[in-house]
Every structure is written in structure tokens, then in C-alpha cells.
Amino acid sequence: MPIKNQTVQTATSAKKVVLSFIKALNDSNFDAARAWLDDEMLFEGVMGSRHGADDYIKDMKKMKFKYAVQKVFADGDDVCLWYDITMQQGLEVFSSGWYKVEDGKINSFKVLFDPRPVLEQAKK
């Protein structure tokens, strides 16, 4: 079991990785965002999942989401963000993302949100 200082240092490092990834996405710097992802990363979301960093980044280039982080929680290699995601056509959705970091890279994350506004906008 790691001592407390190691746990704090790991949480700080994981938090830096995740926030750097989010900043790169916000800046539309997809090469930098890709560098923070493990090649075999797994994304699970309300509307689908992706396996592999290249597929995920390919989708992000199309969607161009912007993230306004409201709160960050870090525990070891786990980081949880509460954020507003601005999607296409200005739709803003409050969401939560749970990121797992290993060896300085995000190896998986899950994003949860209420999909009703997205589905309603898709009907238009």
C-alpha cells in the first residue's frame, strides 16, 4: 500500500494529465490531446464507446467539443471532472467524466450526462 505522500503525488500527476488533455481539446490541439492518451484507451459514454486513441481523436476533430471544468476530484490514478460540455450548435450539457491514468497516459474514461437535450436537438 502506498504511503500518503506517494498517493498525493500520484493524484497530482494524474490530475495534471487529465487537465492537460482537456486543455488540448479546448485549444483544438488534437495532436497534443492524442499524446495524453494510451494507444489502446477505452472511452465509454452515454451515446456510445470507442476503443483506441486514434478513433477517439478522429471523432473529437469532427465534434469540436469545449469543456468548462467546474470541479476536479483526484484519488491516486483516478480523476473525476464535473464540467459543462458545449457541443455543436451551442448546446451545453452538464457532465461528469471519470478518467483512469496509468504511466502518465489516460487509459480509460467514462462520461455521463442526461442525453435528453442532445436527443431533442437531433430531432430538429
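Provided above is the structure to which this section pertains.
Predicted model only: the values in this text are computed from it and were never measured.

A. The overall build of the protein chain, seen in detail. The secondary structure content of the protein chain amounts to four helices and six strands. Its helices and strands taken in sequence order, the protein chain reads α-α-β-β-α-β-β-β-β-α from the N to the C terminus. Considering only C-alpha atoms, the protein chain reaches an extent of 55 × 25 × 25 Å along its principal axes. The buried share of the protein chain, reckoned over its 124 residues, is 33%. Long-range contacts, defined as pairs at least 24 residues apart, comprise 45% of the intrachain contacts of the protein chain with a sequence gap of at least 6. Surface exposure of the protein chain reaches about 7700 Å², of which carbon and sulfur atoms provide 52%. Where the 18 positive side-chain charges of the protein chain centre and where its 18 negative ones centre are 5 Å apart.

B. Looking closely at the nonpolar core. With 32 residues, the main nonpolar core has F21, L37, Y56, Y67, Y99, I106 and F109 as its most contacted residues. When residues of this core are traced back to their parent elements, those giving at least two are helix 1 (4-26), helix 2 (30-35), strand 1 (37-45), helix 3 (53-63), strand 4 (78-86), strand 5 (92-102) and strand 6 (105-113). Per-element accounting of this core gives the leading share, seven residues, to helix 1. Residues in contact with Y56, not counting those within four places in the same chain, are F21, L25, L37, M41, F43, R50, Y67 and F109.

Conventions and cut-offs
Residues numbered from 1 in each chain as written. Predicted model: local features only at pLDDT ≥ 70, side-chain atom pairs only at ≥ 80, totals over all residues. Heavy atoms only, no water. Helix = DSSP H or I, 4+ residues; strand = E, 2+ residues; numbered from the N terminus. Buried < 20%, exposed > 50% of the residue type's maximum accessible area, 1.4 Å probe, protein only. Contact = heavy atoms within 4.5 Å. Areas by Shrake-Rupley, 256 points an atom, 1.4 Å probe, with all protein chains shown as cover. Lys, Arg positive; Asp, Glu negative; His and termini not counted. Charge placed at Lys NZ, Arg CZ, Asp CG, Glu CD. Core = buried A, V, L, I, M, F, W, Y, C linked by side-chain atoms within 4.5 Å.

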